[in-house]
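Results of the structural survey
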Amino acid sequence: MVVLAIESSCDETAVAIAKHTSDGGVELLANVVHSQVDLHKVYGGVVPEVSARSHLEVINQVISKCLQDSELSWDDIGAIAVTYGPGLSGSLLIGVLTARTLAITKAIPLYGLHHIYGHVYANFITSADADYRIPSSPPSLPVLALIVSGKHSQLMYFDKHFNGKIIGRAIDDAVGEAFDKAAKILGLPYPGGPAIAKAAASGNPAKYQLPIAKTANKYDFSFSGLKTALLRLAQREAGGNHTMPSFEVSQHLSDRQVADLAACFQSTAIKTLVEKTVKACHQHKPNSLIIGGGVAANQELRRQLSESAPIEPLFTDPRLCTDNAAMIAALACYQIEAGVKPSDPYKLEIATNTDQLLAT
Ligand code: KG4
Ligand code: ZN
């Protein structure tokens, strides 16, 4: 069964085509991501209305390009999958209404899928173009998944498919959000994660001490204190005190100070993620440890986790960690294989906040 998937929950218009393989993995046949980063850069973050309008403008072209890349036609597509949430309402609507329309007019089954589960199932893609660096076999259950994106930081334990028990979650800022805010303080461009990682490459992570927050549930994450601690430190380094407006701080910092502050922030944020993941790994003893979401593209996270996890973590290609539709196609392939019923194409609604569906 060949699946065409659409993902439009935030600022990427993405379409992918994939199919289940006989050895239990997923083969990626085409993967197109139209990024809106340049549109939002000037505002320093995603503007929901701008995002929805851009999805509307490009979605048909992105679908055509993906079909063209796969050298398939609509006759070959056995199912359509789409992210129904969580995400920005206008952005989700464009993807969901497009998918519903295609499913109805072409009489193809429709699968409405959860974005965070998509990030998990990105790790089940085992075959793609040679330039993708991916594991050749899928994770085996039980799986411990660290999902770290712009809106979520959570540790999920899967003892069966599609049923992740959340054992830890962000109690304030998500880690990607903290990276984005830290980048703003340091005068680095949006999106902040890759910009911090780049600046940190020439910095000294041991130059300053930043705090790791304690949480009531040992597997929960808190990053808002780290962000404030970075602001106070940067204000001092810039020669000011806590009254210096955050937008002025970076004007008084040298490139060296920015690099050291970025390195220190990155190393502390990643250490927080790794310490909790490793603890959970010791307690829950999964067969596979995986990571997903935009922050999973971070090389320092991969380095620290490989160094301290009790089992060898599986890492997929960074392009499958940041938002994409290949992950939604992979999740659909697994659901179809497991006999999960399709959604009603006349009724599938968006859900901007689907956290409650993930709680167990
Ligand atoms: O999963 P994603 O693409 O979108 C959401 O679902 O939120 O994640 C985006 C987040 C942003 O906060 C971005 O700054 C962060 O992932 N990110 C990174 C890296 N690449 C993207 N954070 C740290 N290091 C990276 N290399
Ligand atoms: Zn995401």
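Here the residue index of a chain counts from 1 through its sequence in written order. Each chain takes a letter, starting from A, and each ligand takes a number, starting from 1, following the order in which they are written. Selection of residues for local features in this predicted model requires a pLDDT of at least 70, selection of side-chain atom pairs for listing and counting requires 80 or more, and totals for whole chains, interfaces and linings are taken over all residues. Here the side-chain values reflect all heavy atoms present in the structure, with hydrogen atoms and water set aside.

**Observations concerning the pattern of salt bridges**
When a carboxyl oxygen of Asp or Glu lies within 4 Å of a side-chain nitrogen of Lys or Arg, that pair is called a salt bridge. Within this structure, the stated rule accounts for 11 salt bridges. Among the ionic pairs, E307 bridges to R303, the shortest N-O distance being 2.9 Å. Here the residue E307 and the residue R303 both occupy positions in helix α10 (residues 299–308), the gap between them amounting to 4 residues, near one helical turn. Of the residues examined, E307 reaches a relative accessible area of 61% and is grouped as exposed. D317 is paired through a salt bridge with R319; the nearest N and O atoms lie 3.0 Å apart. Relative accessible area serves as the criterion here: at 36%, R319 is assigned to the partly exposed category. Among the charged side chains, a salt-bridge network with shared partners connects D173, E177, K181 and K227. Every helix listed is a DSSP run of H or I at least four residues long, and every strand listed is a run of E at least two residues long, numbered separately from the N terminus. Think of it in three bands: residues with accessible area under 20% of the maximum for their type are buried, residues over 50% are exposed, and the middle band is partly exposed, with areas taken using a 1.4 Å probe on protein chains only.

**Things to note about the layout of surface pockets**
Here a cavity denotes grid points, spaced 1 Å and computed from the protein atoms alone, that fit a 1.4 Å probe unable to get out, and a pocket denotes an open set having protein on both sides within 12 Å along at least 5 of 7 lines; residues with an atom within 4 Å of a point are the lining. Grid points are joined across faces, edges and corners, and a volume is the space filled by probe spheres set on the points. When its volume is computed, the largest pocket comes out at roughly 1300 Å³. Looking at the largest pocket, it is lined by 49 residues, and the ones nearest its centre are D11, G150, D180, Y190 and P191. Broken down by element, the lining of the largest pocket gets its largest block of residues, 7 residues, from helix α5 (residues 175–185). Residues were grouped as follows: Ala, Val, Leu, Ile, Met, Phe, Trp, Tyr, Cys and Pro as nonpolar; Asp, Glu, Lys and Arg as charged; and all remaining residues, including Gly, as polar. By residue class, the composition of the lining of the largest pocket is 18 nonpolar, 20 polar and 11 charged.

**Comments concerning the environment of S224**
The topology assignment puts S224 in helix α7 (residues 224–237). Residue classification places S224 among the partly exposed residues on the basis of a relative accessible area of 24%. For the pair S224 and T105, spaced 119 residues apart in sequence, the C-alpha separation works out to 47 Å. Contacts are residue-level and defined by heavy atoms, with any inter-residue pair within 4.5 Å sufficient. Those residues in contact with S224, other than ones at most four positions away along the chain, are D172 and D173.

**Some details on the side chain of Q304**
Position of Q304 relative to the elements: it lies in helix α10. Look at Q304 and you get buried, because its relative accessible area is 11%.

**Some words on the packing of helix α2 (residues 48–70) against helix α3 (residues 89–106)**
When two helices pack together, their arrangement is given by the angle between the helix axes and the distance between those axes. Note on geometry: axes are lines fitted to C-alpha atoms, helical ones only across the stretch in contact, with angles between N-to-C directions running from 0 to 180 degrees. Running from amino to carboxyl end, α2 crosses α3 at an angle of 30°, the nearest separation of the two axes being 7 Å. Relative to α3, α2 is oriented roughly parallel. Along this stretch, α2 crosses α3, giving a crossing that reads as right-handed. The segment α2 lies against α3, with P48, S51, A52, H55, L56, I59 and I63 engaging G90, S91, I94, G95, T98 and L102. Within the contact of α2 with α3, the residues separate by chemical class into 7 nonpolar, 6 polar and no charged. In this scheme, roughly parallel covers angles under 35 degrees and roughly antiparallel covers those over 145, while 65 to 115 is roughly perpendicular and the rest are oblique. By the definition used in this description, the sense in which the near helix is turned from the far one sets the handedness, with an anticlockwise turn below a right angle giving left-handed and a clockwise turn giving right-handed.

**Focus on the sheet that holds strand β5 (residues 110–114)**
Strands qualify as paired when DSSP identifies two bridges or more between them. Taken in spatial order, the 6 strands line up as β5-β4-β1-β2-β3-β6 in an open sheet, and their pairing is mixed. Taken across any chain shown, the strands that pair with only one partner, and hence form the sheet edges, are β5 and β6 (125–127). Direction aside, neighbouring strands of the sheet carry axes that sit 30° apart on average. Strand contacts of α3: β1 (2–7), β4 (79–85) and β5, with the helix running at about 155° to β4, the strand carrying the most contacts. Across the sheet, helix α11 (residues 326–337) touches β1, β2 (12–20), β3 (26–35), β4, β5 and β6, and the angle it forms with β1 is around 135°.

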